[in-house]
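Structural overview for review
Chain by chain, the residues:
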Amino acid sequence: MTDDQSSSAVTPPEHVDVLVVGAGLSGIGAAWRLQQERPGTTYAIIEARDAIGGTWDLFRYPGVRSDSDMFTLSYPFRPWTDAKSMADGESIRRYITDTAAEGGIDRHIRFGTRVVSASWSSADARWTVRTLSDAGEQELTCGFLYVCTGYYDYAHGHQPAFAGLDDFTGEFVHPQSWPADLDHTGKRVAVIGSGATAVTLVPAMAGTAAHVTMVQRSPSYLTALPGTDALADTLRRVLPAGLAHKLVRAKNVALTQAFYQLSRRRPERVKAILRSIALRFLKDPAYVDEHFTPTYQPWDQRLCVVPDGDFFRAVRRGDASVVTGHIDRFVPSGIRMTTGEVVEADVVVSATGLSLLAFGGIELSVDGTPVDLGEEVTYRGVMLSGVPNLAYCIGYTNASWTLRADLSSRYVTRLLGYMQRRGYASATPSREAAGEGRRPLLDLSSGYVQRAIDRFPRQGARNPWTTRQNYVLDALTTPWADLRRDMAFAPAPAARPVVQDSALQESTR
């Protein structure tokens, strides 16, 4: 080769077998499953942030916690051993980080790198992924792309345009970008919203604020659950940690599914149960009817969990209160309602919801044709019609995220094994087999869901094109699902040069 030929030669992009996008709860779990069930598989994790944890690294507002119990939110392969069943954000973030370190997964993560686009080539049977970091744009290729970015827009939350906001003389913040130096001690705080974030913030701030007022347009359903699990504490004293974890996990799955089914089949009974819980704490039927009696049915929107009744206790003590109605505008001293009432505030927290973002905003294309996510159909809740070698991870709306996330990762590893054994290079859910009939992927009426639902894939009318909200049924069927059903496979193309990352190669020897 001449010098001119050598200088003009193009080095192929680095290649991995599987590229995972996102180093949060889902991405770390996916990597663990890859290492456990597909030893020798090379992989990398691309993470836009500078730390592990995803949602649990993003949210830093006071009291941030999970509203799912940790025995179902934690990984089945790594028992939750902390005392709290309803854990705070820092504990969850530490658990995810420790899991990554224990499995050596952290060595595979590329932080501060965002996936911009991914293009599939059928001729090469691989994805070309374009990333952006402080080092600029780079490309790498992979045989399989697994998107574990969740569905929140990490760049910004939902923020309505409030009239008169510029007139307000106090501090105005959004929970998604909480100022580290914000001190609310001794101040009057107004929290706008009635979802999980609002009912978490109110008791967390009520202890040190002069008073906290939750300003809600309409009520949400709240339920109180113990912050610790008495059965778990007992079992962990007498049984090995793994066995105790499995038993408590099974118990919590059964209870959650039973309550969800009761909510959908006997909504009036569940309304009475939730009202009785609120009354047990507040003792005031009129107050409960005005501020804690929604117009929608239970589980039309996600149920808000109040650990140990902390929100109700703050209201009962007089440290917090609720105002229900419509906001007219901001005034210098706070928020004026359409009734004329002014909620005086030194700090206003706009807990007005999240913005959803499908697939982390990655631009997808197949053989040069852009993929319109809103036109595609989800396959087994993990792949997309007409899109080869692509999986995504999405949790349940009525149960812990990790329950479905782990099922999805196990499905992916099983599919990869099937393809390898038969010499297939690609697997594509058949668009034609999806049939007619479409409905939204997420079955919630919540505003944050409805604002973005058209930008997400849809689900079909029959299995395997539906995305069920039933972990028990999924757990019984997914591990044995027919990998060939409605799936088109293609053999490997001719051999081509590959550049493997030396660190990845070393870690799999």
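A short tour of the structure in this document, coming up.

Definitions and cut-offs
- Throughout, residues of each chain are indexed from 1 in the direction in which the sequence is written.
- In keeping with the predicted nature of the model, local features appear solely for residues at pLDDT of at least 70, side-chain atom pairs appear and are counted solely at 80 or more, and the whole-chain, interface and lining totals rest on all residues.
- Think of the side-chain values as coming from all heavy atoms in the structure, minus any hydrogens and water.
- Here, patches come from residues exposed beyond 30% relative accessible area and free of salt bridges, joined within 9 Å for like charges and within 5 Å for nonpolar side chains (Val, Leu, Ile, Met, Phe, Trp, Tyr).
- To be clear on the numbers: accessible area is Shrake-Rupley with a 1.4 Å probe, and residue cover counts the displayed protein chains and nothing else.
- Just to be clear on terms, a salt bridge is a Lys or Arg side-chain nitrogen sitting within 4 Å of an Asp or Glu carboxyl oxygen.
- Counting rule applied: Lys, Arg positive; Asp, Glu negative; His and chain ends not counted.
- Just so you know, the charge point we use is NZ for Lys, CZ for Arg, CG for Asp and CD for Glu.
- Secondary structure is summarised from DSSP: a helix means a run of H or I of at least four residues, a strand means a run of E of at least two, and numbering begins at the N terminus for each.
- In this scheme, strands are said to pair when DSSP sees at least two bridges between them.
- Helix axes use the C-alpha atoms of the stretch in contact, all axes being lines fitted to C-alpha atoms, and the angles between their N-to-C directions lie in the range 0 to 180 degrees.
- By definition, residues are in contact when any of their heavy atoms lie within 4.5 Å.
- Exposure categories follow from relative accessible area, calculated using a 1.4 Å probe and restricted to protein chains: below 20% of the type maximum is buried, above 50% is exposed, and the middle band is partly exposed.
- Viewed with both strands pointing away, a crossover whose connecting path from the first strand over the helix to the second turns clockwise is right-handed.

What follows deals with a positive patch on the surface. On the surface, Arg280, Lys283, Arg313 and Arg316 cluster together to form a positively charged patch. Considering the arrangement of structural elements, one finds Arg316 in helix H11 (residues 310–317).

Attention now goes to the sheet that holds strand S9 (residues 211–216). Strand order in the open sheet formed by 5 strands is S7-S16-S8-S9-S12, and the pairing between neighbours is parallel. For this open sheet the edge positions go to strand S7 (171–173) and strand S12 (320–324), each flanked by a neighbour on one side alone. Sheet twist, expressed as the mean angle between neighbouring strand axes with direction ignored, is 20°. Sitting on the sheet, helix H6 (residues 196–206) is in contact with strand S8 (188–192), S9, S12 and strand S16 (347–350), with an inclination near 165° to S9.

Below, the discussion takes up the pattern of salt bridges. Enumeration according to the criterion identifies 26 salt bridges in this entry. A salt bridge links Asp167 to Arg329, with the shortest nitrogen-to-oxygen separation between them at 3.1 Å. Residue Asp167 is found in the loop between strand S6 (136–147) and S7, and its partner Arg329 is found in strand S13 (residues 327–331); the two are separated by 162 residues along the sequence. Taking relative accessible area as the criterion, Asp167 reaches 39% and is therefore assigned partly exposed. A relative accessible area of 27% places Arg329 in the partly exposed class. The salt bridge involving Arg468 is made with Asp474; its shortest N-O contact spans 2.7 Å. According to the relative accessible area criterion, Asp474 is buried, its value standing at 8%. A single salt-bridge network, built from bridges that share partners, covers Arg33, Glu37 and Asp406.

Attention shifts here to the pairing of strand S1 (residues 14–21). Most of S1 sits out of view: 7 of its 8 residues are buried. Where S1 lies against S6, 7 bridges are found, and the strand directions are parallel. When the bridges of S6 are listed, Val16 appears paired with Cys142. Pairing geometry for S1 and strand S2 (residues 43–46), over 4 bridges, is parallel. The residue of S2 that forms the bridge with Val18 is Tyr43. In this fold, the crossover linking S1 to S2 by way of helix H2 (residues 25–37) has right-handed handedness.

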